[in-house]
Amino acid sequence: MLPAPFEYHAPRSVDEALDLLDQFGDEGKVLAGGQSLIPLLKLRFASPGHLVDINTIKDLDFIEERDGTLRIGPLFRHKAAERSSLLASRYHVMADAAPQIADPIIRNRGTIAGSVAHADPSGDWGTVLLAMDADLILRSKKGTRTVKARDFFSGPFSTALEPTEILSEIRIPAAKPMTGGSYLKLERKVGDFATVAVAVHLVMDDGKVGSAGIGLTAVGPQNLKAEKAEASLKGARLDDAAIKQAAALAAEAADPKADHRGSVEYKRNVVRVFTERGLKRAYERARGGG
Amino acid sequence: MAVETPLKGNIGDSIKRKEDDRFIRGKGNYLDDVVLPGMLHMAINRSPFAHAKIKSINTDAAQAVPGVVAVVTGELLAQHKLAWMPTLSGDTQAVLATDKVRFQGQEVACVIATDPYVARDAAGLIEVDYEVLKAVVTPQQALKSGAPLIRDEKEGQTNNHIYHWEAGDKAKTDEAFAKADKVVKLDTFYPRCHPSPLETCGIVADVNPATGHATLWMTSQAPHAHRTLFAIVAGLPEQNIRIISPDIGGGFGNKVPIYPGYVVATAASLLIGKPVKWVEDRSENLISTGFARDYYMSGELALRNDGRMLGLRVKMLSDNGAFYADAQPTKFRAGLFHIVTGSYDLPAAHVVTDGAYTNKAPGGVAYRCSFRVTEASYLIERLVESAALEMNMDPTEIRLKNFIQPEQFPYMSATGFEYDSGNYPRAMQLALDKLGYKELRKEQAEKRKKGELMGIGVASFTEVVGAGPGKHYDIAGLRMFDSAELRVHPTGKAILKLGVKSQGQGHETTFAQIVTEELGIPAADIEVQEGDTDNTPYGLGTYASRSTPVGGAATAMVSRKLRDKAKKIAAHLLEASEADIEFDHGKFFVRGSPSKSKTIQDVAFAAYTNLPDGLEAGLEGVTYYDPPNMTFPFGTYLVVVDIDRGTGQVKVRRMVAVDDCGVRINPMVVEGQIHGGLTEGFGIAFMELITFDEEGNCLGSNFTDYLLPTSWETPKFEMGETVTPSPHHPIGAKGVGESATVGSPAAFVNAVIDAVGHLGIRNIDMPVTSDKVWAALNEKGAAE
Ligand SMILES: Cc1cc2nc3c(=O)[nH]c(=O)nc-3n(C[C@H](O)[C@H](O)[C@H](O)COP(=O)(O)OP(=O)(O)OC[C@H]3O[C@@H](n4cnc5c(N)ncnc54)[C@H](O)[C@@H]3O)c2cc1C
């Protein structure tokens, strides 16, 4: 790999990292797992003057449930998510998504936070966080702010994140009993980005839908939240008719482009099919099955 | 308890690969490992456009970068008559563009610098002023009247047509069609794909300004032929050129052509007087080096009502890119595509082929295939699938009915090949038994009632590999023989030197095993050397599954030559007459008294120490083998798929592959070759595609767009073998490197068509992606 020249920094603390980012402004870039940034450097699509490597900072690799919130640190890697028994038992949508990210080698290094910060419309984690109604904690030298996942993405590879900020934590409402989820992804091979993927995060309440989160991958300029479909399910019994209706609304919410992966019609159809299948699977899991 | 004796390495022994020790330990020596004192690095500036006039090139900014030693343009090369070079198909190709660029990624200028980063930085600073021209991206567009003329620099070239070539008998074929009860037609496209070896192409060129000696480390599948071509192109005396092809990380045909980067690096080393290294990156490899396929094919089969085939008509139009640089024997403009009658006893066939220039990368190589046999095999196997559907016959039944029968060999095909040997029904039967074909057909019928889509695909391919014979087959005039030199040392150890060149096929093991079989020297005691032209006998190289058929035959023959001499020495040692000496696996003895014997090691020592009068010292020899015929490996592949009606996804449930490549030297190595080939066939069938937009931009320029299968998605392969030796090969072997890539794509696609054929779907072009399957189902109202 022959990137353009850059300077490399290895801060020992978040404060030090924030100082560096503050100093470099647009010329600085956080290096987390490097699985998106390094390819960009290699292809010379990006040539930042400074890389601020956060891998040298202690205690950024964590996942914990505390005070009704699931908290994820910036160095929590895809592979750790794949192996987490906490996620497997209670956060099915995340547990489903993790092993479908990229390939095993990339999962060893790539991080959830990095993926969200990168904001590839074909990336998977943003969709998952949209379905789960996550909060993103953004920290800079000037202070800390919280942005809802649904307000975070603003287009392909663009987010609310300032160049001087670090995504320092992801916060997700802790799973209640009767929660079920699923992540269905259509890919052309292992290691491929999604052609279409659908995240479902379902909380049942007394036999009815308490809340339903539905996220869509690769069918719009950014990860999408199918809000109409979500709303149609709130308080409903999850019968075939409700599922079909929500799936149709999700398909409508999709705004895909035709490319060598398929036509608009095709991608919409996969959104519909996956929303149906995903809701069924999530429902089963919420009831303790699958 | 029986003690297991280690295998000696006779034919049929699955000994471990000798070369793997160094590869597994990271001790291989690949091109990029070659580092010379004072070595400079080259980077290439490439055209961003598919078709554009070059108005001017400004290299000032690049020249000014500290560390830049030289910037080479086409103009500079033209002063040395090196701006153009001949191709392997008798055309010319630009080394660096002077007048215009003709494909995206074409080489325009090169920077030579003290380190690779600087070279890359400076290459980006070369300013080229282009006037963009309309691009031609399909051969159909290319042949329309009024299409932009791509090769306007070629004298007498007034359109984009390259060649017209025919095989077979038109009149006889027309007659067959006139008699037919039914004619089945299939139009299909074998899309452009790329061999994509893991190691890309490169060179370290070291021309010594004092002696004029050029030492070129090159990723070459054919070092000797390349040396001769270098001598001719560059005008260097051939004895001063040494090409060393080090360990190669995969070739698959991609390393057969000579690329502009090799020529510029050599010229630069000559002009600057220092070694120059050039190693292309992944995107450069994908967009500019030898692609494969890109054949538009149309086949018609004339049949009798009972399913008997009467005749075959084929029309083919090839997209050869901007320069006709296919690597193939001179006489054959579309390679050996006329093997298209396949495994069937077709009384008449007529094949018409045409080629066209387009604004795409040149260099149609046979990606793991013997000169366009893959395309041919695909067409006939897909066409037979169509015929089975149209005739309402089981796809195995129609094949069994039309196979060339075992007793018909040697069989003269309607397009002029003499098939050496085969037993097609036996291979098919074994495959069907392994799969449990009948049960699966029942399951399919049940599923179909429930609206579920399941398919069983069949392909019974026949290949033609192992070129020569030299009187018919040549590369750029060089006859396709091959060579082996064997030197048995006094202590009974040996060095075998070959004109072919392994790229991962395991030559260091299998060729040693041939010597083991013929002379009895354990394989562990035989060092196999290849790739260094100063140090190995002349040969045409490794591609088209020719190493075992030709180089392997040469190895057997040279071993026998030495055995004959060894017999004389043994007779002397045993004090017997030569006529009474018998040989069995490394032991010479007097007929009738096997207890009194001399080993090959005894004899080898005597060859240097104790010779009979009148016999030359030494036990060394060299053989150049020109095969009397090609060999014809074959097999039957079966694939079972399930299709998701909601997404169009195809899941390969099972794959059974029965191969007959004649005698298997090292069965484990053979199986490895088949595994690799099946994986590539799977990739081609379902995901690999180099495609272009209307402006000629390549849309498959990296591995996120050009998809290669990995162990994760590749199905499990269930393998079987039959052995029908080649009657003309010294050890009966046929070559197996490519069978699986040739035979399997049709099996995969046929499985999909078998699942949806009842809906009236007859074709889905490769790669068979889920969106195409869903669209086909949707059109028939059968999608979820
Ligand atoms: C071949 C391949 C296949 C892939 N397939 C998939 C896939 O199927 N699905 C998928 O979702 N992803 C996929 N990816 C991307 C992968 O998931 C990356 O790991 C992820 O997108 C980025 O995470 P990272 O930790 O590697 O970030 P990096 O590459 O280090 O950084 C990416 C960007 O985010 C910024 N950044 C990173 N961390 C932070 C932070 N804490 N605060 C602020 N900014 C930050 C960086 O500055 C940079 O701009 C694939 C990547 C490759 C190379």
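Residue numbers restart at each chain and count upward from 1, following the sequence in its written direction. Following the order in which they are written, the chains are lettered starting with A and the ligands numbered starting with 1. Per-residue local features of the predicted model are confined to residues with pLDDT of at least 70, and side-chain atom pairs are confined, for both listing and counting, to 80 or more; whole-chain, interface and lining totals are unaffected and use all residues. Based on all heavy atoms of the structure, the side-chain values leave hydrogens and waters out of the count.

Visitor: What exactly am I supposed to notice about the overall build of chain A here?
Guide: Starting at the N terminus, helices and strands are each numbered in turn, a helix being any DSSP run of H or I of at least four residues and a strand any DSSP run of E of at least two. Along chain A, the regular secondary structure elements total 12 helices and 14 strands. In summary, chain A has a C-alpha radius of gyration of 19 Å against a globular reference of 19 Å for 290 residues, a match within 12%. The cut-offs for exposure are 20% and 50% of the maximum accessible area for each residue type, with area from a 1.4 Å probe on protein chains only; residues under the lower value are buried, those over the upper are exposed, and the others partly exposed. Taking all 290 residues of chain A together, the buried fraction comes to 55%. Put simply, of all contacts in chain A between residues at least 6 apart along the chain, 63% involve residues at least 24 apart. Using a 1.4 Å probe, accessible areas were evaluated by the Shrake-Rupley method; residue-level cover was limited to the displayed protein chains. When the accessible surface of chain A is split by element, carbon and sulfur atoms take 49% of a total near 12,200 Å². Within this scheme the basic residues Lys and Arg register as positive and the acidic residues Asp and Glu register as negative, but His and the chain ends are omitted. A single reference atom marks each charge: NZ on Lys, CZ on Arg, CG on Asp, CD on Glu. Across chain A, the 40 positively charged side chains and the 38 negatively charged ones have centroids separated by 4 Å. Throughout, radius of gyration means the C-alpha value; the globule benchmark is 2.2 Å times the number of residues raised to the power 0.38. Whether two residues touch is decided by their heavy atoms; if any such pair falls within 4.5 Å, the residues are in contact.

Visitor: Looking at this structure, I do not really get the interface of chain A and chain B. What am I missing?
Guide: Much of the literature gives interface size as the accessible area that the parts lose upon coming together. The interface of chain A with chain B comprises 25 residues on the first partner and 22 residues on the second. Each partner contributes to the roughly 2,100 Å² buried at the junction of chain A and chain B, and carbon and sulfur atoms together form 56% of this total. Put simply, buried area is how much 1.4 Å-probe accessible surface two parts lose in total, over both of them, once they are put together. Of all residues in chain A, Leu2(A), Lys189(A) and Tyr266(A) give up the largest surface area on contact with chain B, accounting jointly for 27% of the area buried on that side. By definition, a salt bridge exists where a carboxyl oxygen of Asp or Glu is found within 4 Å of a side-chain nitrogen of Lys or Arg. At the junction of chain A with chain B, the criterion picks out 3 salt bridges.

Visitor: Is there a simple way to explain the site of the ligand in this structure?
Guide: Residues and elements named next belong to chain A. Nearness here has a simple test: a residue counts as near a molecule or strand if at least one of its heavy atoms is within 4 Å of that partner. With respect to spatial proximity, 31 residues lie near the ligand, and among them Val30, Gly34, Thr111, Asp124 and Lys185 are the closest. Residues adjacent in sequence count toward polar contacts only when both atoms are side-chain atoms; beyond that, a polar contact is any pair of N or O atoms within 3.5 Å, and within protein one must be able to donate a hydrogen and the other to accept it. Within the contact set of the ligand, an oxygen atom lies 2.7 Å away from a backbone nitrogen or oxygen of glycine 34. Between the ligand and threonine 111 there is a distance of 2.6 Å, counted from an oxygen atom to a side-chain nitrogen or oxygen. Contributing elements (two or more residues each) for the shell around the ligand: strand S2 (28-31), helix H7 (112-118) and strand S10 (166-173). With 4 residues, the top contributor of residues to the shell around the ligand is H7.

Visitor: Can you help me understand the sheet that holds strand S27 (residues 581-584) of chain B in this one?
Guide: Backbone-to-backbone hydrogen bonds pair the strands of a sheet. The strands run either parallel or antiparallel. Residues and elements named next belong to chain B. Whether two strands pair comes down to DSSP finding at least two bridges between them. Spatial strand order, S27-S28-S29: 3 strands in an open sheet with antiparallel pairing. Each having just a single partner strand, S27 and strand S29 (593-599) make up the two edges of the open sheet. Strand-to-strand, the axes of this sheet are offset by a mean angle of 35°, without reference to chain direction. The pairing of strand S28 (residues 587-590) with S29 spans 4 bridges and is classified as antiparallel. Paired with lysine 587 across the bridge in S29 is threonine 599. Each of S28 and S29 is contacted by helix H16 (residues 600-609), which is oriented at about 45° to S29, the strand it contacts most. Convention adopted: a line fitted to C-alpha atoms gives each axis, helices being fitted over their contacting stretch, and angles between N-to-C directions are expressed from 0 to 180 degrees.

Visitor: Help me understand the packing of aromatic side chains in this model?
Guide: Describing an aromatic ring pair means giving the distance of the ring centres and the angle of the ring planes. Two aromatic rings from Phe, Tyr or Trp, using only the six-membered ring of Trp, form a pair when their centres are within 6.5 Å; if the ring planes differ by under 30 degrees the pair is stacked, by over 60 it is edge-to-face, and anything between is tilted. Tallied over the full model, the rule gives 28 aromatic pairs over all chains. Centre to centre, the rings of Phe332(B) and Tyr473(B) are 5.3 Å apart; their planes meet at 25°, and the pair counts as stacked. On the criterion of sequence distance, the pair formed by Phe332(B) in the loop between strand S16 (309-319) and strand S17 (333-336) and Tyr473(B) in the loop between strand S21 (453-462) and strand S22 (474-475) is long-range, its members being 141 residues apart. For the pair Phe332(B) and Tyr473(B), one class covers both residues: buried. Through pairs of rings, three or more aromatic residues link up here, namely Tyr344(B), Phe403(B), Phe409(B), Tyr424(B) and Phe634(B). Charge over a ring is defined by NZ of Lys or CZ of Arg lying within 6 Å of the ring centre and within 35 degrees of the ring normal. The side chain of Arg287(A) reaches across the aromatic face of Tyr283(A), ending 4.2 Å from its centre. Cation over ring: Arg22(B) sits above Phe23(B), and NZ or CZ is 4.7 Å from the ring centre.

Visitor: Would you take a moment to explain the pairing of strand S6 (residues 135-140) of chain A for this structure?
Guide: Strand residues, when the strand is regular, have side chains that alternate between the two faces of the sheet. Residue and element names in this part refer to chain A. Two elements, S6 and strand S7 (residues 143-148), share 6 bridges in a ladder whose sense is antiparallel. Note on S7: the bridge partner recorded for leucine 138 is arginine 145. A loop of 2 residues connects S6 with S7, the two strands running antiparallel in sequence. Pairing geometry for S6 and S10, over 5 bridges, is antiparallel.

Visitor: What is the right way to read the domain arrangement of chain A from this model?
Guide: Per the annotation, domain bounds derive from an automatic or database assignment of domains. According to the domain assignment, chain A contains domain 1 (7-55), domain 2 (66-172) and domain 3 (181-284). Measuring from the centre of the C-alpha atoms in domain 1 of chain A to the corresponding centre in domain 3 of chain A gives 35 Å.

Visitor: Explain the pattern of salt bridges to me, please; I cannot follow it from the model alone.
Guide: Under the definition given, this model contains 77 salt bridges over all chains. Between Glu187(A) and Lys185(A) there is a salt bridge, with its nearest N and O atoms 3.6 Å apart. You can call Glu187(A) partly exposed: its relative accessible area is 22%. Each of Asp91(B), Asp99(B), Lys100(B), Arg102(B), Arg151(B), Asp152(B), Glu153(B) and Lys154(B) takes part in salt bridges that share partners, so that together they form one network.

Visitor: I would appreciate a short explanation of H16(B) in the present structure.
Guide: Residues that lie three or four places apart on an α-helix share one face, since the helix turns once every 3.6 residues. All names here are of chain B. Buried within H16 we find Ile600, Val603, Ala604, Ala606 and Ala607. For H16, the angular spread of the buried residues around the axis is 160°, confining them to a single face. Residues of H16 that are buried in the fold lie against strand S24 (482-488), helix H14 (507-519), helix H15 (547-574), S28 and S29. As used here, the arc belongs to the directions running from the helix axis to the C-beta atoms.

Visitor: Just checking my understanding: could you explain the packing of helix H10 (residues 373-391) of chain B against helix H11 (residues 395-402) of chain B for this structure?
Guide: Each pair of packed helices can be summarised by the angle the axes make with each other and by the distance between the axes. Residue and element names in this part refer to chain B. Where H10 meets H11, the closest approach of the two axes is 9 Å, and the angle between their N-to-C directions is 115°. For the element pair H10 / H11, the angle class is roughly perpendicular. Read as a crossing pair, H10 and H11 show a hand that is right-handed. Contacts from Glu381, Val384, Glu385, Ala387 and Ala388 in H10 reach Pro395, Ile398 and Arg399 in H11. Its residues placed into classes, the contact of H10 with H11 shows 5 nonpolar, no polar and 3 charged. Geometric relationships in this document are graded by angle, where less than 35 degrees denotes roughly parallel, more than 145 denotes roughly antiparallel, 65 to 115 denotes roughly perpendicular, and other angles denote oblique. Two helices cross in a left-handed way if the nearer one is turned anticlockwise from the farther one by less than a right angle. They cross in a right-handed way if the turn is clockwise. Three classes are used: nonpolar for Ala, Val, Leu, Ile, Met, Phe, Trp, Tyr, Cys and Pro, charged for Asp, Glu, Lys and Arg, and polar for all others, with Gly counted as polar.

Visitor: Help me understand the sheet that holds S10(A) in this model?
Guide: All names here are of chain A. Sheet architecture is open: 5 strands sit in the order S4-S5-S10-S6-S7, paired in antiparallel fashion. Edge positions in the sheet fall to strand S4 (63-66) and S7, since each has one partner strand and no second. Averaged over neighbouring strand pairs, the angle between their axes works out to 25° when direction is ignored. By the bridge criterion, 4 bridges tie strand S5 (residues 69-72) to S10 in an arrangement that is antiparallel. Across the sheet, arginine 71 pairs through a bridge with arginine 171, a residue of S10. In the packing of helix H1 (residues 14-24) onto the sheet, the strands contacted are S6 and S10, and the crossing angle to S6 comes to about 70°.

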